[in-house]
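Summary of structural features
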Amino acid sequence: MRVITVVLLAFLLLLQYRLWFGKNSVPDYLALEEEVVRQKLDNEKLKQRNKLLYADTDDLKSGVEAIEERARNELGMIKTGETFFRIIPKDKNTTQESR
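Residues numbered from 1 in each chain as written. Predicted model: local features only at pLDDT ≥ 70, side-chain atom pairs only at ≥ 80, totals over all residues. Heavy atoms only, no water.

Right, let's talk about the overall build of the protein for a bit. From N to C terminus, the protein includes four helices and zero strands. Each helix and strand of the protein, ordered N terminal to C terminal, gives the series α-α-α-α. On C-alpha atoms alone, the protein measures out to a radius of gyration of 33 Å, which is more than a quarter above the 13 Å that the 2.2 N^0.38 rule sets for 99 residues. Projected onto the principal axes, the alpha-carbon positions of the protein cover approximately 105 × 55 × 10 Å. Residues counted as buried form 5% of the 99 residues belonging to the protein. If you sum the accessible surface of the protein, you get close to 10100 Å²; carbon and sulfur atoms cover 61% of it. A gap of 6 Å separates the mean positions of the 17 positive and 16 negative side-chain charges of the protein. (Helix = DSSP H or I, 4+ residues; strand = E, 2+ residues; numbered from the N terminus. Rg over C-alpha atoms; globule rule 2.2 N^0.38 Å. Buried < 20%, exposed > 50% of the residue type's maximum accessible area, 1.4 Å probe, protein only. Areas by Shrake-Rupley, 256 points an atom, 1.4 Å probe, with all protein chains shown as cover. Lys, Arg positive; Asp, Glu negative; His and termini not counted. Charge placed at Lys NZ, Arg CZ, Asp CG, Glu CD.)

Okay, the pattern of salt bridges next. Taken as a whole and judged by the stated rule, the model has four salt bridges. Here lysine 47 ties to glutamate 44 by a salt bridge, and the two come within 3.8 Å at their closest N and O atoms. Here glutamate 44 and lysine 47 lie together in helix α2 (residues 26–62), a separation of three residues that amounts to about one turn. Between glutamate 68 and lysine 79 there is a salt bridge whose closest N-O contact spans 3.4 Å. (Salt bridge = Lys/Arg side-chain N within 4 Å of Asp/Glu carboxyl O.)

Now for a nonpolar patch on the surface. The grouping of Tyr17, Leu19, Trp20 and Phe21 at the surface amounts to a nonpolar patch, some 480 Å² of accessible area in total. Inspection of the secondary structure assignment puts leucine 19 in helix α1 (residues 2–21). The class for leucine 19 is partly exposed, based on a relative accessible area of 39%. (Patch = residues over 30% accessible without salt bridge, like charges linked within 9 Å, V, L, I, M, F, W, Y side chains within 5 Å.)

Here we come to the packing of aromatic side chains. Aromatic ring pairs are defined here through the distance separating the ring centres and the angle between the ring planes. Evaluation of the coordinates by the stated rule reveals one aromatic pair. Ring geometry for tyrosine 17 against phenylalanine 21: centres 5.5 Å apart, planes inclined by 40 degrees, an arrangement best described as tilted. In this pair, tyrosine 17 and phenylalanine 21 are both assigned in helix α1, four residues apart and thus about one turn of the helix distant. Owing to a relative accessible area of 61%, phenylalanine 21 belongs among the exposed residues under this scheme. (Phe/Tyr/Trp six-rings, centres within 6.5 Å; stacked < 30°, edge-to-face > 60°.)

For the rest of this paragraph, the subject is helix α3 (residues 64–75). Here α3 spans 16 Å end to end across 12 residues, near enough to the 16 Å set by a 1.5 Å rise per residue. Two residues or fewer past α3, glycine 76 is found with a positive phi of approximately 75 degrees. (Expected span 1.5 Å × (residues − 1).)

With respect to the element layout, serine 25 can be found in the loop between α1 and α2. Among the residues examined, serine 25 registers a relative accessible area of 5% and is labelled buried.

Right, let's get into unusual backbone geometry. You will see that asparagine 24, though not glycine, has its phi angle at about 60 degrees, which is positive. Examined against the element boundaries, asparagine 24 turns out to sit in the loop between α1 and α2. Exposure remark for asparagine 24: the relative accessible area of 66% places this residue in the exposed category.

In structure tokens, the structure reads:
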């Protein structure tokens, strides 16, 4: 009877070791759960970005106003007959040197 008890106890200890320190153990499981949560957050951010990009492309496909706005902001284009004013801020270093 003692031999069976010792064998069962050794088997239990071996299983406990694998549960806590082996491959696919409890710490591995907890780390993977954290990684899944982090990945879900990243996926949500990317979904929001994709929605914005889809809205932007739909706007560019359907509307002339969006194309005109992009041309003005990114390329610096102006319409015929418009006057373009460029305001250059004063540099902080030059105002301090002149004092």
